[in-house]
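Each chain is listed here by its residues.
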Amino acid sequence: LILITAGAMVPSRCIVDARATQVVTAGVYSDVLIQARDRFDNNRTSGSVADGFILVKNETRSVAGAFSFKTRYEVEGITIGSFLTASKGLHTIHVLSGGVQLLESPFSVMVMPGVASAHGTFNATKVPELGTAGEMQTLTIQAADKYGNLHETGGEELDVSVKGLTYLYTFINGVRCTASSADKGSCVEVLDRGTGQYDVRFRPTIAGDYFIEARLRGKDGTVAQIGQPGTPSRSPWQRCITCVNLDFPDRECVRCLTLEVRPAKVTLAASTTYGAGASRFTSGKEVEFLVYARDAFGNIQTTGGLDMHVSIIGGNEFIINATVADMCDTSGVGCGQYTVAYTGTIAKTYAMIITLLQEKKEMMVQGFPASRADSKASGLPWLNADARQCNEDCPEDSQDRCCLMGEGASYSQSLKDTTFLIQARDKFGNDMTSGGENFEVEVAGPMLVNGLVEDLGSGQYVVKYKVLIPGTYVLSARLRRVHIGVMYDACPDPAEQCFRGSPMSELIIANPGTGLEGLVIDGPGNNFFAGTMGVVTIDVTDKTAQRIFGVSPMATALHIGTSRTDVAVNSTVNPWQLSFNVEQAGTWTLSITAGLLTHVVGSPFSITVLPDTAVVANTLVTGSGHQTTGRASQGGLVPGVAGILDKKLRLYIIPRDKFFNERTHALLNDNVRWGMYMTSGTIIEPGSFASGRRMMEPGNDHFGQYLLETTPITSPRSVGTEFSLEVTLSGMTITAAPMPIWMFPTSGVVDAAKSVAYGGGLRLGSAAQDVTFTIEARDTNGARLTAGGATFA
């Protein structure tokens, strides 16, 4: 055998195998195989690094960047050449030995970016520095490896945080905020374009300074701030500016931030008020409150200059002027705050309307009286001029408050505990709503009486006194030793209330009594008919009675059982007329009182309402006993009722009026007649067509009814014949036509053929259970027997 080995290596015949390195990663060594050959293309089986293989990158076909290589002899003439490039793109690699190009050299390699690096990743667009609350803020982040190669595909995870007065996150506890939080407004959304760029979006709603930072979450679990340290792209992004320290102007002030979020447009709906003056005021005292101008998210305005107006309206007659002051000065203190000041004098409820930028906001403001009562303004409680108790003519400038309530201050009776009210008022005429004042009351005349004053704690005071001797007295009421009220001329008519101020010299003390004894009432003893207008008259010429009715208006009530009806009072004529119209017959009760307490003499009265004329449509015909069953009972005798031969037939006719009232009196003649006929129309009882007999026994259950009774007499051939009963009222038929009545003889002998049996026991039974059914005994005429004694088996 002859062993032939490869000759010396010839570079031009050596070959490169780069099939596994068509696509490589930047910054990572990639290998190619180099096979050493002799000049006859025989693979050498030996070799070393001395073979001198080198790798060179062709700069003309690739982007600039670092390139390095190394070789390592393996075995059988094979050398591994490793190369590394930091630049992505298409590269041409040459393999040489001794300056000679090897076979399959050069070859092309596509270098892809390496693993994304936090230092290499950067913001591709400017980080937002100024924004408005509620507006979307965006920036774009470009992923890159540590060599600065830009990624062209997605898949990286970026965690962006916005921190300030509120925090916005991309991830919360390792879970994306948009997937785990119901409040999407607190999330920073990162959208992967799939091109190596990532869109960051967030919407801050709270105005203020924020820091924005972005971190890359590596595949190996590491998290790091993006951007090259020491460069503007480094996260967190921030800028620092000089500012003014409002508390210490001489001290240096530096303000660092990434994003300044300013308030959105002011909206009145979100603006707030602070201070008691926004809801209440005390009469005569200036009050103020603050309005904080806010946007829809509650951010206070950071500048001034808004055109704000405030109106306080309590009707057309009560308008309070208000002034608005902008609190924002040149240093920026108080911006967004507006002071509203006003002074009210009339205690009542007002509508406060704040107008701003074509918006309106309405609130309720309650005015309260001054802290102390005024003697001149205090007095009796006011009534409106249209009140029933008021009988005075008010002057035009009285504001509809010229009538006074307090009969006990101008009229009373001896031996009677008398009371009236004092209403404490402030100097603006507002009723006080709390107590604490010291009123003194004195009644002087034929005798001297000091009144007892009780503080109700509501601004009103009850005055109580009792005079034993009738006569004319002077009433004095003082607050802090000063007479209350304003003096006016006394009214010419003693029946009018004339008390205006203290002292009051026309306090009339009359003799004891209700004061209603002088009334003359006519009508309660009369009888009235249902459905007809009833009138009761009252003569009220008595002055004392007029005075009492002026203070306590007449009240009337007409009722029977649980039923009530209205009574119309006509006080424009004399005597007064009380009219009513009721449909239910019976004894009604009429009460006439002054107010709701004091009855006139004789009240309550009994009013008798009688049924009206009977009508055919409502009159009843019934069997024995009083069995009324409503409208459907006209002709109420059940068809087919059996009359018994030679036995008395008894029916009742009950006249009723159009309101279904049954006749209870004998004031009208109803002219009830009756007759009985065979079906053929032949009168079977000549002369029996006659007037019924009225039952008049007092207290009897059938009072006001008619009793129809007869003993039919027929021949045997009439047995089982159908007869018709006719009852008429004033010539009109009451009974249904025909109203059949059967006449049967009673033999008293049981006929098994005519008797009947019925019941469930005839059809079905259960073992060990009682079985029942009914046998009805009948006579030979088929009439049911009414007595026992029959034996059935």
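Figured I'd write up the structure that's included with this text. It should be emphasised that the depicted structure is a prediction, and the values quoted were computed from it without experimental measurement.

**So, the state of the cysteines**
On inspection of all chains with the given rule, the structure shows four disulfides. What pairs with Cys 243 in a disulfide is Cys 253, and their sulfur atoms sit 1.7 Å apart. Every disulfide takes its handedness from the sign of the S-S torsion; for Cys 243 and Cys 253 that torsion is -80°, giving left-handed. With Cys 243 in the loop between strand 21 (239–242) and strand 22 (254–257) and Cys 253 in the loop between strand 21 and strand 22, this residue pair connects regions lying ten residues apart in the sequence. Bridging Cys 328 to Cys 335, the disulfide has an S-S length of 1.9 Å.

**Some details on the sheet that holds strand 29 (residues 322–326)**
Read across the open sheet, the four strands follow the order 24-26-30-29; overall the sheet is antiparallel. With partners counted over all chains shown, the strands left at the sheet margins are strand 24 (272–274) and strand 29, one partner each. Mean inter-strand twist for the sheet, computed between neighbouring axes without regard to direction, equals 25°. Pairing analysis gives three bridges linking strand 24 to strand 26 (residues 286–292), with the strands arranged antiparallel. What sits directly across from Thr 273, in strand 26, is Val 291.

**A word on the environment of Val 115**
Within the secondary structure, Val 115 sits in the loop between strand 9 (107–112) and strand 10 (122–123). By relative accessible area, which is 69% here, Val 115 ends up exposed. Spatially, the C-alpha atom of Val 115 lies 9.5 Å from that of Ala 143, the residues being 28 residues apart in sequence. Not counting the four nearest positions on each side in its chain, Val 115 is found in contact with Ala 144, Asp 145, Lys 146 and His 151.

**Some remarks on the pattern of salt bridges**
Counted according to the given criterion, the structure contains 19 salt bridges. Note that Lys 466 is salt-bridged to Asp 417, the shortest N-O span being 3.5 Å. Residue Lys 466 is found in the loop between strand 40 (460–465) and strand 41 (471–479), and its partner Asp 417 is found in the loop between strand 35 (411–413) and strand 36 (418–423); the two are separated by 49 residues along the sequence. Given a relative accessible area of 36%, Lys 466 falls into the partly exposed group. Look at the salt bridges and you will find they share partners, linking Asp 209, Arg 255, Glu 260 and Arg 262 into a network.

**Thoughts on the sheet that holds strand 50 (residues 576–580)**
Read from one edge of the open sheet, four strands run 44-46-50-49, paired in antiparallel fashion. Every interior strand has two partners, whereas the edge strands, strand 44 (520–522) and strand 49 (568–570), have only one. This sheet shows a mean twist of 20° between the axes of neighbouring strands, independent of strand direction. Where strand 44 meets strand 46 (residues 534–539), three bridges bridge the pair, whose relative direction is antiparallel. Counterpart to Asp 522 in the pairing with strand 46 is Thr 537.

**Concerning unusual backbone geometry**
At the junction of Ser 105 and Pro 106, the peptide bond is cis and its omega measures out at 5° in the coordinates. Within the element layout of this structure, Pro 106 appears in the loop between strand 8 (100–101) and strand 9. A cis geometry characterises the amide bond from Ser 603 onward to Pro 604, with omega recorded as 5°. One non-glycine residue with positive phi stands out, namely Asn 173, at about 55°. As for its placement among the helices and strands, Asn 173 is situated in the loop between strand 15 (171–172) and strand 16 (175–176). Even without being glycine, Gln 358 reaches a positive phi, approximately 65°. By the element assignment, Gln 358 lies in the loop between strand 31 (349–356) and strand 32 (359–368).

Calculation rules
Residues numbered from 1 in each chain as written. Predicted model: local features only at pLDDT ≥ 70, side-chain atom pairs only at ≥ 80, totals over all residues. Heavy atoms only, no water. Disulfide = S-S within 2.5 Å. Helix = DSSP H or I, 4+ residues; strand = E, 2+ residues; numbered from the N terminus. Pairing = 2+ DSSP bridges. Axes fitted to C-alpha atoms, helices over the stretch in contact; angles between N-to-C directions. Buried < 20%, exposed > 50% of the residue type's maximum accessible area, 1.4 Å probe, protein only. Contact = heavy atoms within 4.5 Å. Salt bridge = Lys/Arg side-chain N within 4 Å of Asp/Glu carboxyl O.

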